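Listed below, chain by chain, are the residues.
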Amino acid sequence: MKLAFFDAKTYDMPGFDRYAAESAWEIKYYETRLNEDTASLAAGYDAVCAFVNDTLNSAVVNRLYELGVKVLVLRCAGFNNVDLNACQGKLPVFRVPAYSPYAVAEHAMALLLTINRRTHKAYIRTRDFNFSLQGLAGFDLHGKTVGIIGTGKIGQVFAKICGGFGMNILAYDKFPNPSTGLNYVELPELFQKSDIISLHCPLTEDTKHIINADSIAMMKNGVTIINTSRGALVNTQDLIQALKAKQVGAACLDVYEEEGSFFYEDFSGHIVRDDKLVRLISMPNVIVSSHQAFLTTEALDNIAATTMDNLNRFFAGDPNPATEVRLQA
Ligand code: NAD
């Protein structure tokens, strides 16, 4: 069996090679992303493996179907980049619903601690023998209120981590889960009372730009916003305005609305043409990481194991209902 693997990075390969060898899959790693121009590279392959910034619109889905690709396996949890209507009846889609909620939740806390205690700046200063503390003051997380939007696997782990820091936790979820024991409130109350807001919901029509000028206007002055979910949960232009006006005190962004053109690639020798991204990165109270919250050895191993299991079960006629992505009724 042959798998065409798009947007491949060197850190993907060891795990996938190991699990593929166990089940006699041949993997062709393509560095290029999957899109209208590259879909034909899947000719002759039984399956396609894609990641968060691959394009799976109806043109690409139809092309893969014409080429005889039988199944699409996503090596990620989110599937907002897939046109599920186009896939219906043509291309079954599987994903990795959970690979390490700890990886993402711990990264969210890492970003919060970094931006708050300025460890990224202290590191650079002391390497230059500059031992001044000017401008490095943060605030205690203990006793602060964190608002968590989306209390699924990652949101719940993040809540536990915040609990360990002695923070008060407010939660909002479209489908509250009483078994979490979290204090659920309506969104406006969460916006009004939180010192820190962390996004852990999926990107849907409901949640697109959930952080915008109107929601920011409800928030405390100086609020810190963390987004490790999907870029388009935040209206970037509104966030920049609020950062400039000091309404928002800090932003920790592992994802960005237009990240597809930049993230995972090295632009260090280039003029980056995205003015919003450049503006964000220029601000001392903003930290941007390149959609890396998932990147732990445990998560990479789970991603490879689940993806190869999704393939093996599909071709054995026993598809895993827990990992199949279906259109909502
Ligand atoms: P999950 O499905 O376990 O939890 C998502 C939660 O969001 C659920 O409780 C759901 O009820 C809730 N939700 C759905 N619609 C909502 C709405 N309109 N408003 C508020 N809450 C809503 O998912 P998870 O594993 O916790 O992952 C959460 C998100 O994290 C994913 O959708 C993905 O976008 C993102 N993610 C990012 C990375 C990364 O590397 N940065 C890695 C994995 C996942």
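The paragraphs below set out a description of the structure included in this document. (Residues numbered from 1 in each chain as written. Predicted model: local features only at pLDDT ≥ 70, side-chain atom pairs only at ≥ 80, totals over all residues. Heavy atoms only, no water.)

**A few points about the pairing of strand E9 (residues 223–227)**
Of all five residues making up E9, five are buried, and the element is well covered by its neighbours. In E9, alternate side chains face the same way, and those of Val223, Ile225 and Asn227 on one face and Thr224 and Ile226 on the other are all buried. Judged from the four bridges that link them, strand E8 (residues 196–199) and E9 form a sheet pairing that is parallel. By the bridge assignment, Ser198 is partnered in E9 with Ile226. Running through helix H8 (residues 213–218), the crossover from E8 to the neighbouring parallel element E9 is right-handed. In terms of strand pairing, E9 meets strand E10 (residues 248–253) through five bridges, oriented parallel. In the strand pairing of E10, Ile226 is matched with Cys252. In this fold, the crossover linking E9 to E10 by way of helix H9 (residues 236–244) has right-handed handedness. (Buried < 20%, exposed > 50% of the residue type's maximum accessible area, 1.4 Å probe, protein only. Helix = DSSP H or I, 4+ residues; strand = E, 2+ residues; numbered from the N terminus. Pairing = 2+ DSSP bridges. Right-handed = clockwise from strand over helix to strand, strands pointing away.)

**Looking at the packing of H9 against helix H10 (residues 275–282)**
Angle between the axes and distance between the axes are the two parameters that describe a pair of packed helices. Two numbers describe how H9 lies on H10: the axes approach to 11 Å, and their chain directions differ by 30°. The interaxial crossing formed by H9 with H10 has left-handed handedness. Between H9, through Thr236, Gln237, Leu239, Ile240, Leu243 and Lys244, and H10, the contact on the second element is made entirely by Lys276, Arg279 and Leu280. A per-class count over the contact of H9 with H10 returns four nonpolar, two polar and three charged. (Axes fitted to C-alpha atoms, helices over the stretch in contact; angles between N-to-C directions. Left-handed = near helix turned anticlockwise from the far one by under 90°. Contact = heavy atoms within 4.5 Å. Nonpolar A, V, L, I, M, F, W, Y, C, P; charged D, E, K, R; others polar.)

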